[in-house]
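Below are the chains, spelled out letter by letter.
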Amino acid sequence: MFLNVLAQTTTDTGSQGGFALSNLLLPILLGLFIFMMFRKQKKTQKTVQEQRSQMVPGTEVMTQFGLFGTIVSVDQEENKAVLELSPGNTATIHLQALTKVVTVQPEETETEDAVVPDDASSLTGEIAQERPRDDAADAPQDETPDETLKRLDRENKKDN
C-alpha cells in the first residue's frame, strides 16, 4: 500500500499527478504518537518496578488514601501487604494502594542555631527606625486569660 502511495499517478491530463508530501504526514504523525505512548508506558513501568523493589518489611510508605505506615510483611502472590499504622494496629492493603516510599530527611543543625530577626529591615540592609511601642508589647507574657480580657477592655476604653 505504501508503494502505491509513492507510485501514485493519475491518468487525467487535467490534474497533477505524482507524489505529495502531505500524503505521508498522517502516517508519520501516527507512528510518532504510538512511539511516544509506548515510551511513556515503559517509563511508568520502570518507576513502579523500582518502588516495588524498595517495598520490603521495615520500610515506611504512604498509601493512595494518605495513610502512613511501616510494612510488616509483603505477599507478592496475593498482591497484599500488611502495614503497621501505629504500634499494635495493622491493616492489610493491596500492593497497588502503596504509592510512595517515605524517606526521612535529616534535620539541618543550622536552623536550630539561626537567629530570626524581628523585622525584615535587617535582611535588606536598611537601618531599623525607631517606632512607637504600643501597650500590647509591654504587656506581661505570663498573664491569665481573665487578666488578658481585662487588659484589652481597659485598652479599648482608652481608645474610645
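Just so you know, these numbers come straight off a predicted model, no measurement behind them.

About the cut-offs
Residues numbered from 1 in each chain as written. Predicted model: local features only at pLDDT ≥ 70, side-chain atom pairs only at ≥ 80, totals over all residues. Heavy atoms only, no water. Helix = DSSP H or I, 4+ residues; strand = E, 2+ residues; numbered from the N terminus. Buried < 20%, exposed > 50% of the residue type's maximum accessible area, 1.4 Å probe, protein only. Contact = heavy atoms within 4.5 Å. Areas by Shrake-Rupley, 256 points an atom, 1.4 Å probe, with all protein chains shown as cover. Salt bridge = Lys/Arg side-chain N within 4 Å of Asp/Glu carboxyl O. Patch = residues over 30% accessible without salt bridge, like charges linked within 9 Å, V, L, I, M, F, W, Y side chains within 5 Å.

Q: Quick one: what's the story with the overall build of the chain, residue by residue and with numbers?
A: Summing up its helical and strand segments, the chain has 6 helices and 5 strands in all. In sequence order, the chain lays out its α and β elements as α-α-β-β-β-β-β-α-α-α-α. Counting all 160 residues of the chain, 12% fall into the buried class. Taking the contacts inside the chain whose residues are at least 6 apart along the sequence as the reference set, 28% of them involve residues at least 24 apart. When the accessible area of the chain is evaluated, it comes to approximately 14100 Å², of which 55% is carbon and sulfur surface.

Q: Go over the pattern of salt bridges, please, and point to the residues and values.
A: Throughout the structure, instances matching the rule amount to 3 salt bridges. A salt bridge links Glu 143 to Arg 151; the nearest nitrogen and oxygen atoms lie 2.9 Å apart. Here Arg 151 falls in the buried class, since its relative accessible area comes to 14%. With a shortest N-O distance of 3.1 Å, Arg 151 and Glu 155 are connected by a salt bridge. Separated by 4 residues within a single helix, Arg 151 and Glu 155 lie in helix 6 (residues 145–159), roughly one turn from each other.

Q: Outline a nonpolar patch on the surface, supporting the account with residue identities and numerical values.
A: A cluster of nonpolar side chains, contributed by Leu 25, Leu 29, Leu 32, Phe 35 and Met 36, occupies part of the molecular surface with about 510 Å² of accessible area. Position of Phe 35 among the secondary structure elements: in helix 2 (residues 22–54).

As far as function goes, none of this settles anything; it's purely spatial.
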